[in-house]
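Close look at the chain arrangement
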Amino acid sequence: MTRFERSSADKEKKLKKETYLKMLEYVRSRAWLAGFVTKGGRALSLVSYVFYPLFLVWVFAAGQPDAWKAAVVPGAGFVLLSAARAKINAPRPYEVFEAAPVIEKDTKGKSFPSRHVFSAFIIAFTAGCYNPAAGGALAVCGTLLAVTRVLGGVHFIRDVAAGAAAGIGLGLAGFILL
């Protein structure tokens, strides 16, 4: 690597850190936004986690065709994603930039892909296979959750984008292949 390339890489990292720190300061300086990121993020996570078991009860009780896929696809996807992210073990923004996140968290690594966002999107995809309106509403919640995870300083944009893509991709693959 040449001196110019090294200098450019250092400037890029510094710019990213400055941008990250400015974002955290912006969120912290606005009580409504900090509240949305922390409390709203928790509430958005709960939407999926409360909806999903109720949805499974409905799918099985209603005798929906291939109801077993509604349990197997998200479950298998969650296990696969968890194993992949443990192997990748990417650092979190607050580790890289040495700054406290807005969302209280002290986990080391396991940032890529976001498991919260993955779960929201695979549940949204699964629900959408049976009820498109419910799937769409959950996808909106998943998108807002992704925003809170980035603004909260616990994930990079690439983490939440990969989580959403993996949720949709594994959902699609699971429902087609099984």
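Structure report, in brief.

What follows covers the overall build of the protein. What the protein contains, in helices and strands, is 7 helices and 0 strands. Listed N to C, the secondary structure of the protein is α-α-α-α-α-α-α in terms of helices and strands. Projected onto its principal axes, the C-alpha positions of the protein cover 65 × 40 × 25 Å. Burial statistics for the protein: of 178 residues in total, 42% are counted as buried. A total accessible area of about 9900 Å² is found for the protein, and carbon and sulfur atoms account for 67% of it. Charged side chains in the protein number 22 positive and 11 negative. The centres of these two groups are separated by 2 Å.

Below, the discussion takes up the nonpolar core. Ranked by internal contacts, the top residues of the largest apolar core, which has 17 residues, are Phe 55, Val 59, Ala 70 and Tyr 130. Secondary structure elements with two or more residues in this core: helix H2 (31-61), helix H3 (67-88), helix H5 (115-130) and helix H7 (157-177). Looking at this core, the element that brings in the most residues is H5, giving 6 residues. Setting aside anything within four residues of it in sequence, one finds Phe 55 in contact with Ala 70, Thr 126, Ala 127 and Tyr 130. With 14 residues, the next largest nonpolar core counts Val 37, Ile 103, Val 154 and Phe 156 among its residues.

As a further point, take the packing of H2 against H3. At a minimum axis separation of 8 Å, H2 and H3 run at an interaxial angle of 150°. When the interaxial angle is binned, H2 and H3 end up roughly antiparallel. Along the contact surface, H2 presents Tyr 52, Phe 55, Leu 56, Val 59 and Phe 60, while H3 presents Ala 67, Trp 68, Ala 70, Ala 71 and Pro 74. Tallied by class, the residues present in the contact of H2 with H3 amount to 10 nonpolar, no polar and no charged.

Two elements in contact, H2 and helix H6 (residues 132-151), have axes separated by 9 Å at closest approach and are oriented at 140°. By the angle class used here, H2 and H6 are oblique. Both H2 and H6 take part in a crossing whose hand is left-handed. The residues of H6 that touch H2, namely those facing Leu 33, Phe 36, Val 37, Gly 41, Leu 44, Ser 45, Val 47, Ser 48 and Phe 51, are Ala 134, Leu 138, Cys 141, Leu 144, Leu 145, Thr 148 and Leu 151.

For the rest of this paragraph, the subject is the side chain of Arg 85. Following the sequence through the fold, Arg 85 ends up in helix H3. Comment: no salt bridge for buried Arg 85; closest opposite-charge side chain is Asp 159, at 7.8 Å. In this structure Arg 85 touches Arg 92, Lys 110, Phe 112, Pro 113, Ser 114, Arg 115 and His 155, once residues within four positions along its chain are discounted.

Per the counting criterion, the structure on display carries 7 aromatic pairs. An angle of 35° between the planes, with centres 4.9 Å apart, marks the rings of Tyr 20 and Phe 97 as tilted. One end of the pair, Tyr 20, is in helix H1 (residues 3-28); the other, Phe 97, is in the loop between helix H4 (93-96) and H5, with 77 residues separating them in the sequence. Each member of the pair, Tyr 20 as well as Phe 97, is classed as buried.

Let us now look at the environment of Gly 171. Along the chain, Gly 171 turns up in helix H7. Given the relative accessible area of 0%, Gly 171 is considered buried. For the pair Gly 171 and Cys 129, spaced 42 residues apart in sequence, the C-alpha separation works out to 9.6 Å. Residue contacts for Gly 171: discarding those within four places in its chain leaves Val 73, Ile 122, Phe 125 and Ala 166.

Looking now at the pattern of salt bridges. Within this structure, the stated rule accounts for 2 salt bridges. The salt bridge partner of Lys 69 is Asp 66, with a shortest N-O separation of 3.7 Å. With a relative accessible area of 7%, Lys 69 lands in the buried category. With a relative accessible area of 41%, Asp 66 lands in the partly exposed category. The partner of Arg 158 in a salt bridge is Asp 159, and the shortest N-O contact between them spans 3.6 Å. Arg 158 sits in the partly exposed class, given a relative accessible area of 46%.

The rules we used
As a convention, each chain's residues are numbered from 1 in the sequence order in which they are written. Side-chain atom pairs in this predicted model are given and counted only at pLDDT of 80 or more, local residue features only at pLDDT of at least 70, and totals for whole chains, interfaces and linings cover all residues. To get the side-chain values, take all heavy atoms of the structure and skip hydrogens and water. Numbering goes from the N terminus for both helices and strands, where a helix is a DSSP run of H or I of at least four residues and a strand is a run of E of at least two. To sort residues, take the accessible area from a 1.4 Å probe on protein chains only and compare it with the maximum for the residue type: under 20% means buried, over 50% means exposed, and anything in between is partly exposed. Only the protein chains shown count as cover for residues, with accessible areas throughout obtained via the Shrake-Rupley method and a probe of 1.4 Å. Here the positive residues are Lys and Arg and the negative ones are Asp and Glu; neither His nor the chain ends is included. The atoms used to mark charge sites are NZ of Lys, CZ of Arg, CG of Asp and CD of Glu. Throughout this description, the term nonpolar core refers to a set of buried Ala, Val, Leu, Ile, Met, Phe, Trp, Tyr and Cys residues connected via side-chain atoms within 4.5 Å. For this analysis, residues touch if any pair of their heavy atoms sits within 4.5 Å. With axes taken as lines fitted to C-alpha atoms, and helix axes fitted only over the stretch in contact, angles between N-to-C directions fall between 0 and 180 degrees. When an angle is under 35 degrees it counts as roughly parallel; over 145 it counts as roughly antiparallel; between 65 and 115 it counts as roughly perpendicular; any other value is oblique. Under the scheme applied here, ten amino acids are nonpolar (Ala, Val, Leu, Ile, Met, Phe, Trp, Tyr, Cys and Pro), four are charged (Asp, Glu, Lys and Arg), and all others, including Gly, are polar. In this scheme, a crossing is called left-handed if the near helix is turned counterclockwise away from the far one by less than a right angle; it is called right-handed if the turn is clockwise. What makes a salt bridge here is a side-chain nitrogen of Lys or Arg within 4 Å of a carboxyl oxygen of Asp or Glu, nothing more. Any two rings among Phe, Tyr and Trp, with Trp reduced to its six-membered ring, count as a pair given centres within 6.5 Å; such a pair is stacked if its planes are under 30 degrees apart, edge-to-face if over 60, and tilted if neither.

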